[in-house]
Amino acid sequence: MNRRKTYRVWGPVFAAAVLVLLVFVTGVLDKQRVFEDMEYNQISFKENRRSRSLDAGDRYGLLNEGATGLNLPAGTYRLRYWIDGDGENRLRFSCGNNAAVSPAEVTVPAGEGWNEVEFTLQEACVNLRLDIDFVSGTYMDVVNLRMYSPFYNDHAWTLLFAAILFSVLWVLGTTGRLAGERAGVVIFIGLALLIANSPAYKDTLNLAHDTYFHMARVENLASGLAGGQFPVRAGGYTYNGYGAITSVFYADLFLYPLALMRLMGASITYVMNVYMAAVSLVSAVTLYACARRMFGERWIAACAAILYTLAVYRATNAYTRCAVGEATAMAVLPLFILGLWEVVLGDSRRYATLSVGASCVFLCHMISTLICAGTAFLFCLIHVRRIVREKRMIPLLKAVGLTALLCAFQLAPLLTYSLQGIGAAELASDVSYSALAPAQLFALGSGNTLAPRNIHLTRFSTEIGLPLLAGAALALYGLTAQKDHGLKAYTAGLLLAG
């Protein structure tokens, strides 16, 4: 490729990258949500009266009652208010989950019209309360309340995704890789994706069956990453900010990009819509690639991808139920089907495809994993003669072993907690039931006052746990495999063996 052609192909891509970088750095497309007319929409006033007057027989005290009903992520907010009065009064901020608010109280000056105050939520706030306190003067009248959220860079992310799409299509088109039938396939699959993702083209989010739960999973991941965890085991968002080990029982691997987007300034509503659109894209791409491999015909694969993308059940999972785990599992399911087909009927040397597909399904949704396991068993049973005759049992065992290794980071804590009798049900009902204070690690079973509420946890001091046990075994193996053993090596070996 000569220099002129290189500039023609990659020049627009470079320009798009520079534009996106400038937009992110300058924040020119940042936006914020405005909660307008809060005195009507969020604040409940006593006797439905927004004013008080001593001349009318009113008394000092709170004008409003109850919380605003707003659940807000951590960040700095701005309250613009017009509260008329001839004395200094007060505004007070608090959260239903006792999340810290700074400042918690501000003074409302007498008769100055519009005023503004910034307040910071140190952590996610459940049910924000804004108390308006009449404490001095002869009258007080709430004219208008308007709150502004932190700035979100959702539009910048949209520009980034558009730039990536433009760059891919531009490079493929200018290099001649996107012509003829290929162009037709891309156009038709693209139209199917536009239709399938239509519910995501808005600033709001469908409140489906599991929306709040999966939003909490993303916030939990973001909280854990912000605290320095990787992989995240105990996020600090759920259960009123106390956190939980939800990720141990419900794999979150594919939600990490969403958590990173949240930490980089995207709103939770936006990242959820982006994820569902991405799930549709992955569903179309994986099914097209797998069908093309299995059937060999481009248009058969394209039709299969379009039908799968527009399937009612898949769309229902995404936008009616918000079943994030199951929808993601359906997106990677074609990889599992292709891998199973390869090992049993195709090229058995491609057993890694089966391992990757099975691992992806397991790291998405447990019920889908069980369905896939049953399907694989029946498929192998049907073709057992071929498996034995063509010696395909070894590739199948290799696939199983590789899957276990790929999923070990998720399997190890899951099995460890399960063997100790700790389950998601206990954590959901009372987190402290399965919690230990640091001192209890050294004082269990001695009749002291630090005995845990769950008596089964007294076995904790004698149970090393699967991850530490596996690590100790590997360390002993590495030690015995060395030819030269020094004093430090022998000491370490004795400690590990003990």
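That block above? That's the structure.
Residues numbered from 1 in each chain as written. Predicted model: local features only at pLDDT ≥ 70, side-chain atom pairs only at ≥ 80, totals over all residues. Heavy atoms only, no water.

Examining the packing of helix H12 (residues 351-362) against helix H15 (residues 393-406)
For the pair H12 and H15, the least separation of the axes is 8 Å and the interaxial angle reads 40 degrees. Relative to H15, the element H12 is oriented oblique. In this structure, H12 meets H15 at a crossing whose hand is right-handed. Packed against H12, whose contacting residues are Tyr351, Ala352, Leu354, Ser355, Val356, Ala358 and Ser359, the element H15 presents Pro395, Leu396, Lys398, Ala399, Leu402, Thr403 and Leu406 at the interface. Partitioned by chemical class, the residues of the contact of H12 with H15 number ten nonpolar, three polar and one charged. (Axes fitted to C-alpha atoms, helices over the stretch in contact; angles between N-to-C directions. Helix = DSSP H or I, 4+ residues; strand = E, 2+ residues; numbered from the N terminus. Parallel < 35°, antiparallel > 145°, perpendicular 65-115°, else oblique. Left-handed = near helix turned anticlockwise from the far one by under 90°. Contact = heavy atoms within 4.5 Å. Nonpolar A, V, L, I, M, F, W, Y, C, P; charged D, E, K, R; others polar.)

What about the side chain of Ser368?
Counting through the fold element by element, Ser368 comes out in helix H13 (residues 366-382). The residues touching Ser368, leaving out its near neighbours within four places in the chain, are Glu326, Ala329 and Val361.

Things to note about the state of the cysteines
Considering all chains together, one arrives at one disulfide under this definition. Disulfide pairing places Cys95 opposite Cys125 at an S-S distance of 2.1 Å. Looking along the S-S bond of the Cys95-Cys125 disulfide, the torsion reads about -115 degrees, which is the left-handed sense. Here Cys95 is found in strand E5 (residues 89-95), whereas its partner Cys125 is found in the loop between strand E8 (114-121) and strand E9 (128-134), with 30 residues between them in sequence. Across the pair, Cys125 and Cys95 agree in class, each one buried. (Disulfide = S-S within 2.5 Å. Buried < 20%, exposed > 50% of the residue type's maximum accessible area, 1.4 Å probe, protein only.)

Examining the pairing of strand E7 (residues 105-108)
Alternating residues of E7 divide into Val106 and Val108, all buried, and Glu105 and Thr107, none buried. Note that E5 and E7 share four bridges and pair antiparallel. Note on E7: the bridge partner recorded for Arg92 is Glu105. (Pairing = 2+ DSSP bridges.)

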